Amino acid sequence: MGASADKQPGADIPLPPPYHGIHASPPWDRHYKIAWSKPTNRSDRVRVHRHTCECKATIYELCSAGGLMFIRRTKRGVKVEVRESERLVSARMRLLWLRLLSGEAH
Ligand SMILES: [Zn+2]
C-alpha cells in the first residue's frame, strides 16, 4: 500500500560544494623566511582580519593588535602549535601577508 511513498522526488539533489577560503601557495625554493616566535602573552585584544582555509592543517591569520599587525600561524596536529610573526605597521604587514599567500614568504 504505502510502498510507493519511500522516495520523494528531489531528495537526491546534491548539496553545494563545500566552501573553501584562501589557500596559501607552497613556498618558493628561495622564499623569504618569516621569523616565527612563540606568542607573547600580551594583554592586547587581537582582531583577525583574514585567515586561510580551514581545510589545511596549518592556518594563517592576519591579525591586528595595539595598532600593529602580525600573522599568526596555527599548526593543528597531535598538538596544536601557535606561532606569531613580528609586528609591523599595517601597510608592511599586509604586503607580507600577500607574499605569504603567494609562497614568496613562508
Ligand atoms: Zn580549503
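What counts as what
- Residues numbered from 1 in each chain as written.
- Predicted model: local features only at pLDDT ≥ 70, side-chain atom pairs only at ≥ 80, totals over all residues.
- Helix = DSSP H or I, 4+ residues; strand = E, 2+ residues; numbered from the N terminus.
- Buried ≥ 20, exposed ≤ 12 C-beta atoms within 10 Å, placed from the backbone.
- Contact = placed C-beta atoms within 7 Å.
- Pairing = 2+ DSSP bridges.
- Axes fitted to C-alpha atoms, helices over the stretch in contact; angles between N-to-C directions.
- Core = buried A, V, L, I, M, F, W, Y, C linked by C-beta atoms within 7 Å.
- Expected span 1.5 Å × (residues − 1).
- Arc of directions from axis to C-beta.

> Could you give an account of the overall build of the protein chain, naming the residues involved and the relevant values?
When you go through the protein chain residue by residue, the secondary structure sums to one helix and four strands. Helices and strands in the protein chain line up, N terminus first, as β-β-β-β-α. For the protein chain, with 106 residues in total, the buried portion stands at 12%. Of all intrachain contacts in the protein chain linking residues separated by at least 6 positions in sequence, the fraction that spans at least 24 positions is 50%.

> Requested: an account of the pairing of strand 1 (residues 47–51), with residues and values cited.
Across four bridges, the pairing between strand 1 and strand 2 (residues 58–65) is antiparallel. What sits directly across from H51, in strand 2, is E61. Hairpin connection from strand 1 to strand 2: six residues lie between these consecutive antiparallel strands.

> Outline the environment of E81, supporting the account with residue identities and numerical values.
Inspection of the secondary structure assignment puts E81 in strand 4 (residues 80–84). Separated by 23 residues in the primary sequence, E81 and T58 place their C-alpha atoms 9.3 Å from one another.

> Tell me about the sheet that holds strand 3 (residues 68–76), and please be specific about residues and values.
Read across the open sheet, the four strands follow the order 1-2-3-4; overall the sheet is antiparallel. Lying at the two open borders of the sheet, with one neighbouring strand each, are strand 1 and strand 4. The mean angle between the axes of side-by-side strands here comes to 30°, regardless of whether they run parallel or antiparallel. Helix 1 (residues 90–102) rests against strand 1, strand 2 and strand 3 of the sheet, and its axis sits at about 30° to strand 3.

> Account for the nonpolar core, with residues named and values stated.
As a rule of thumb, soluble globular proteins bury nonpolar side chains together. Residues Y60, L62, C63, M69, I71, M93, L96, W97, L100 and A105 constitute the largest nonpolar core, which totals 10 residues. Put simply, the parts of the chain that give this core at least two residues each are strand 2, strand 3 and helix 1. With four residues, the single largest contributor to this core is helix 1. When sequence neighbours within four positions are dropped, the list of residues in contact with L100 reads A24, I34, Y60, I71, A105 and H106.

> Got a sec to walk through helix 1? Specific residues and values, please.
Taking 1.5 Å as the rise per residue, helix 1 with 13 residues should run 18 Å; its terminal C-alpha atoms sit 18 Å apart, in good agreement. For helix 1, every residue scored as buried is listed here: M93, L96, W97 and L100. Each buried residue of helix 1 sits inside an arc of 105° when the element is viewed along its axis, so together they form one side. Exposed positions of helix 1 whose direction lies more than 90 degrees from the buried face are A91, L95 and L98. On its buried side, helix 1 packs onto strand 1, strand 2 and strand 3. Just beyond helix 1, the residue with positive phi is G103, at close to 90°.

> An account of the environment of R73 is needed here, citing residue identities and associated values.
Residue placement: R73 occurs in strand 3. Note: C-alpha distance between R73 and S85 (12 residues apart in sequence) is 8.1 Å. Ignoring any residue separated from it by four or fewer positions in sequence, one finds R73 in contact with W36, T58, Y60 and R83.

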